[in-house]
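What the coordinates show
Residue-level listing of the chains:
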Amino acid sequence: MDNKVFRATFPEFNDLSVYPDEALTAWGDFATTQVNCNRWKGSTNMGIMLYAAHEMVLIGQGLKAAAAGGVPCAVSGPTSAKTVGSVSVTYDTQAAVEKDAGYWNLTTYGKQFYRLSRMFGTGVIQA
């Protein structure tokens, strides 16, 4: 995976202090071994980049937690309710979850990767 192409495609990862090239290269190399080019065909690079983006978001969350004195990369699911003072908001988190995606549901990139991997893994059927 080319880091420059990745950062051009996903400019939200351009902060090298949060998303260093070394981590991006490592996850890009690993994703290359996980995305089956025989199934993804011309979309292989997108699969690799979505895989890497998912991991980079988790790295960024870990750095943010550590900087605030928390545990880096502590796992938590989507927030479904939040109260600040007398204001309370509840979200339907199930509406945005990919069924059986588990770990991949932790980021939008992971959800996109999982959805596409299922399409490429079983073939897209169009009526």
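Residues numbered from 1 in each chain as written. Predicted model: local features only at pLDDT ≥ 70, side-chain atom pairs only at ≥ 80, totals over all residues. Heavy atoms only, no water.

A look at the overall build of the protein chain
- Along the protein chain, the regular secondary structure elements total five helices and two strands.
- Mapped in sequence order, the helices and strands of the protein chain form the string α-α-α-α-β-β-α.
- Out of the 127 residues in the protein chain, the part that is buried amounts to 30%.
- Summarising the internal contacts of the protein chain: among those between residues at least 6 apart in sequence, 53% fall at separations of at least 24.
- Only carbon and sulfur atoms are counted for the fraction: they give 57% of the accessible area of the protein chain, which is about 8,200 Å². (Helix = DSSP H or I, 4+ residues; strand = E, 2+ residues; numbered from the N terminus. Buried < 20%, exposed > 50% of the residue type's maximum accessible area, 1.4 Å probe, protein only. Contact = heavy atoms within 4.5 Å. Areas by Shrake-Rupley, 256 points an atom, 1.4 Å probe, with all protein chains shown as cover.)

Concerning the pattern of salt bridges
- All chains considered together, the criterion is met by one salt bridge.
- The shortest N-O distance in the salt bridge between aspartate 21 and arginine 7 comes to 3.0 Å. Of the two residues, aspartate 21 is situated in helix H2 (residues 21–34) and arginine 7 in helix H1 (residues 3–9); the sequence distance between them amounts to 14 residues.
- Among the residues examined, aspartate 21 registers a relative accessible area of 32% and is labelled partly exposed. (Salt bridge = Lys/Arg side-chain N within 4 Å of Asp/Glu carboxyl O.)

Focus: the nonpolar core
- Among the nonpolar cores identified, the biggest contains 22 residues, and Phe6, Phe10, Phe13, Met56, Trp104, Tyr109 and Phe113 are the most heavily contacted of them.
- For this core, the elements supplying multiple residues, two or more each, are H2, helix H4 (44–67) and helix H5 (108–122).
- Ranked by residue count, the leading element in this core is H4, at eight residues.
- If we skip the residues at most four places from it in the chain, phenylalanine 10 touches Met46, Met49, Leu50 and Tyr109. (Core = buried A, V, L, I, M, F, W, Y, C linked by side-chain atoms within 4.5 Å.)

With respect to unusual backbone geometry
- A positive phi angle, near 50°, is found at lysine 41, a position not held by glycine.
- Following the sequence through the fold, lysine 41 ends up in the loop between helix H3 (37–40) and H4.
- Even without being a glycine, aspartate 100 presents a positive backbone phi close to 65°.
- Considering the arrangement of structural elements, one finds aspartate 100 in the loop between strand E2 (87–90) and H5.
- Classification of aspartate 100 by relative accessible area gives exposed; the value is 62%.

Focus: H2
- Counted at 1.5 Å a residue, the expected span for H2 with its 14 residues is 20 Å, and the 20 Å between its end C-alpha atoms agrees.
- If you check which residues of H2 are buried, you get Ala23, Leu24, Gly28 and Ala31. For H2, the buried positions fall inside an angular range of 125° around the axis, keeping them on one side. Exposed residues lying more than 90 degrees from the buried face of H2 are Glu22 and Thr33. (Expected span 1.5 Å × (residues − 1). Arc of directions from axis to C-beta.)

Some remarks on the side chain of threonine 107
- Structurally, the position occupied by threonine 107 is in the loop between E2 and H5.
- What makes threonine 107 buried here is its relative accessible area of 5%.
- Setting aside residues up to four positions removed in sequence, threonine 107 forms contacts with His54, Val57 and Leu58.

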